[in-house]
Amino acid sequence: MTSTIDTAALHDWISRFAAAMNDKRDWLTELDSAIGDADHGANMARGMTAVVDKLGAGVPETIDDLLKGVGMTLVSSVGGASGPLYGTFFLRMGMTAGAVSSLDAAGLAGALRAGVDGVVARGKPEAGDKTMYDALAPAVDALDSSLADGSDLSAALSAAADAAAAGRDATLPLVARKGRASYLGDRSAGHLDPGAASSAILFETLAAAARGADG
């Protein structure tokens, strides 16, 4: 059973997320072309490539240094809304985690919740606005609920990933109330939100990294 996650596993998460952003670049851009600026995939792939390049110079020993480095790199290298929002997510995660080399399940859940709260503070999204928050919020709620029910960390993160994917899919019929997509009004319905799509991948790759740490 997985009860903790360490810096190495979180570095594996970042690497997996970066690879997924490159793999899914065209799909995310296709989603964004329907209701946005058609740059979400390119922006996220560029930003995460910059993160991987930075980590290639040496992986920090502590979780706060790792995650804050990811956040600062994204803020400085990604245009549009996604850079500041994802950057804030990782910065808040790192600040909450602290200068430690591992987190227990409650510690990771608290850091993830702080990251989502950072996205809220910066972007002011609400549930149903058709944004990344529609995937992030159900994910952290499912993580907390699963841990409270006695699941180990790996199983709880899998539940969080499933909830994020369901939240992503639930954006399909929504009319956007935030960002560029909101300019389209009713025409934004019938399209997945690209930020929710990349956020679902964020939790999918975290769950995969936790399973990897579990052997």
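Here the structure is a predicted model, which is why all the values come from computation and not from measurement.

**A few points about the pattern of salt bridges**
Applying the stated criterion to the full structure yields 5 salt bridges. Arginine 16 is the partner of aspartate 12 in a salt bridge, and the nearest nitrogen-oxygen pair spans 2.8 Å. Of the two residues, aspartate 12 and arginine 16 are both situated in helix α1 (residues 7-23); the distance of 4 residues between them amounts to about one turn of the helix. Put simply, arginine 113 and aspartate 141 hold a salt bridge, and the shortest N to O gap is 2.9 Å.

**Remarks on helix α6 (residues 105-123)**
Along its 19 residues, α6 runs 27 Å from first to last C-alpha, staying within 8% of the 27 Å computed at 1.5 Å per residue. Residues of α6 that are buried: Ala105, Leu108, Ala109, Ala111, Leu112, Ala114, Gly115, Val116, Gly118 and Val119.

**Focus: the layout of surface pockets**
Estimated volume of the largest pocket: approximately 580 Å³. Around the largest pocket, the lining comprises 28 residues; the ones closest to its centre are Ala81, Ser82, Leu85, Gly179 and Arg180. Here the lining of the largest pocket takes 4 residues from helix α5 (residues 82-97), the largest share from any one element. A per-class count over the lining of the largest pocket returns 11 nonpolar, 9 polar and 8 charged.

**Thoughts on helix α7 (residues 133-148)**
Across its 16 residues, α7 extends 22 Å between first and last C-alpha, which sits within 8% of the 22 Å expected from 1.5 Å per residue. Of all the residues in α7, the buried ones are Tyr133, Asp134, Ala135, Leu136, Ala137, Ala139, Val140, Ala142, Leu143 and Ser146. Remark: glycine 150 follows α7 within two positions and exhibits a positive phi of approximately 100 degrees.

**Topic: the packing of aromatic side chains**
Under the defined criterion, the tally for this structure stands at 3 aromatic pairs. Geometrically, the ring pair formed by phenylalanine 17 and tyrosine 86 is tilted, given 6.0 Å between the ring centres and 40 degrees between the ring planes. Within this pair, whereas phenylalanine 17 is found in helix α1, its partner tyrosine 86 is found in helix α5, the two being separated by 69 residues in sequence. The exposure class assigned to tyrosine 86 is buried, which follows from its relative accessible area of 1%. Between the aromatic rings of phenylalanine 89 and phenylalanine 90, the centroid separation amounts to 5.3 Å while the plane-to-plane angle is 85 degrees, which identifies the pairing as edge-to-face.

**Digging into the nonpolar core**
Core analysis: the biggest nonpolar cluster contains 60 residues, and Trp13, Phe89, Phe90, Leu108, Leu112, Leu157 and Phe203 have the highest contact counts within it. Residue contributions to this core peak at 10 residues, all from helix α9 (residues 194-213). In contact with phenylalanine 90, not counting residues within four places along its chain, are Trp13, Ile14, Leu67, Lys68, Val70, Gly71, Leu74 and Leu202.

**Concerning the confidence of the model for the protein chain**
Confidence in the prediction of the protein chain, expressed as mean pLDDT, is 92, and 96% of residues score 70 or more. Across the protein chain, α7 holds the top mean pLDDT of 98, while helix α2 (residues 25-35) sits lowest at 90.

**Overview of the environment of leucine 103**
Inspection of the secondary structure puts leucine 103 in strand β2 (residues 102-104). With 12 residues separating them along the chain, leucine 103 and glycine 115 place their C-alpha atoms 15 Å apart. The contact partners of leucine 103, leaving out residues within four places of it in the chain, are Ser3, Thr4, Ile5, Ile63, Ala97 and Leu108.

What counts and how
Residues numbered from 1 in each chain as written. Predicted model: local features only at pLDDT ≥ 70, side-chain atom pairs only at ≥ 80, totals over all residues. Heavy atoms only, no water. Salt bridge = Lys/Arg side-chain N within 4 Å of Asp/Glu carboxyl O. Helix = DSSP H or I, 4+ residues; strand = E, 2+ residues; numbered from the N terminus. Expected span 1.5 Å × (residues − 1). Buried < 20%, exposed > 50% of the residue type's maximum accessible area, 1.4 Å probe, protein only. 1 Å grid on protein atoms, 1.4 Å probe; cavity = no way out; pocket = protein on both sides within 12 Å on 5 of 7 lines; lining within 4 Å. Points joined across faces, edges and corners; volume = space filled by probe spheres on them. Nonpolar A, V, L, I, M, F, W, Y, C, P; charged D, E, K, R; others polar. Phe/Tyr/Trp six-rings, centres within 6.5 Å; stacked < 30°, edge-to-face > 60°. Core = buried A, V, L, I, M, F, W, Y, C linked by side-chain atoms within 4.5 Å. Contact = heavy atoms within 4.5 Å. pLDDT = per-residue confidence, 0-100.

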